[in-house]
Amino acid sequence: SSTRKVKDWKMQDNKKIFVGGLNYNTDEKSLIKELERFGKVMSCRIIVDRDNGRSKGYGFATFSTRDEALAAIEGLNNQMLDGRRVGVKESIEKSR
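Residue indices begin from 1 for each chain and proceed along its sequence in written order. Per-residue local features of the predicted model are confined to residues with pLDDT of at least 70, and side-chain atom pairs are confined, for both listing and counting, to 80 or more; whole-chain, interface and lining totals are unaffected and use all residues. Side-chain metrics in this entry use all non-hydrogen atoms of the structure; hydrogen atoms and water are not considered.

Student: Before we go on, may I ask you to explain the nonpolar core in this structure?
Tutor: Nonpolar side chains in soluble globular proteins tend to end up buried together. What we call a nonpolar core is a set of buried Ala, Val, Leu, Ile, Met, Phe, Trp, Tyr and Cys residues that are connected through their side-chain atoms within 4.5 Å. Only protein chains enter the accessibility calculation, which uses a 1.4 Å probe; a residue whose area is less than 20% of its type maximum is buried, one above 50% is exposed, and one in between is partly exposed. Within the largest apolar cluster, 18 residues are counted, with the highest numbers of intra-cluster contacts made by Ile17, Leu31, Leu35 and Phe63. Elements with a minimum of two residues in this core: β1 (16-20), α2 (28-35), β2 (41-48), β3 (55-63), α3 (66-76) and β5 (84-90). Here a helix means four or more residues in a row that DSSP labels H or I, a strand means two or more in a row labelled E, and each is numbered from the N terminus. Tallying contributions element by element places α3 first for this core, with four residues. In this analysis, two residues are considered to be in contact whenever any of their non-hydrogen atoms come within 4.5 Å of each other. Leave out the neighbours within four places in its chain, and Leu35 touches Ile17, Val41, Ala61, Phe63, Ala72 and Leu76.

Student: Looking at this structure, I do not really get the environment of Asn23. What am I missing?
Tutor: Within the secondary structure layout, Asn23 lies in the loop between β1 and α2. Setting aside anything within four residues of it in sequence, one finds Asn23 in contact with Asp82 and Arg84. Polar contacts here mean pairs of N or O atoms no more than 3.5 Å apart (in protein, one a potential hydrogen donor and the other a potential acceptor; neighbouring residues in sequence count only if both atoms are side-chain atoms). Side-chain polar atoms of Asn23 contact the backbone oxygen of Asp82, separated by 2.7 Å.

Student: I tried to follow the packing of aromatic side chains on my own but got confused; where do I start?
Tutor: The way to describe two aromatic rings as a pair is by their centre distance and the angle between their planes. Paired rings are identified among Phe, Tyr and Trp, the last through its six-membered ring, by centres lying within 6.5 Å, and are further divided according to the angle between planes into stacked (under 30 degrees), edge-to-face (over 60) and tilted (the rest). Under the counting rule described, the total for this entry stands at three aromatic pairs. Relative to Tyr58, the ring of Phe18 has its centre 5.8 Å away and its plane inclined at 35°; by these criteria the two rings are tilted. Here the residue Phe18 occupies a position in strand β1, and Tyr58 occupies one in strand β3, the gap between them amounting to 40 residues. Residue Phe18 is classed as partly exposed on the basis of its relative accessible area of 22%.

Student: How should I be thinking about the sheet that holds β3 in this particular structure?
Tutor: In sheet architecture, strand pairing relies on hydrogen bonds along the backbone and comes in two forms, parallel and antiparallel. Note on pairing: DSSP must find at least two bridges between two strands before they are called paired. What the five strands build is an open sheet, ordered β2-β3-β1-β5-β4; its pairing is antiparallel. Because the sheet does not close on itself, it has two edges, and the strands there are β2 and β4 (79-81). Averaged over all pairs of adjacent strands, the angle between their axes in this sheet comes to 30°, without regard to strand direction. For β1 and β5, the ladder comprises four bridges, and the chain directions are antiparallel. The residue bridging Ile17 from the neighbouring strand is Glu90, located in β5. Throughout, an axis means a line fitted to C-alpha atoms (over the contacting stretch in the case of helices), and angles, computed between N-to-C directions, take values from 0 to 180 degrees. Helix-sheet contacts for α3 involve β1, β3, β4 and β5, and the interaxial angle to β5 is about 150°.

Structural data, given as structure tokens:
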């Protein structure tokens, strides 16, 4: 189950989440407002196309604690936000 996966994070101190499936009109301010229901948002960034500046429909947020990040994953994953069903999960750092 997805709840079990969340509790087994490899990086036990990870506070960063990925939010996918965002409405292209959702901005960082409204996403922060939604995420603040689960804890203190330290940073939030919606990824935009560098050519036209439009949202790519996903973003990242960092909470002040891991427990807040877990609460956001469990509380917002597969829920409706601005008319779209969003997916929320642990953000995994890519090695470059």
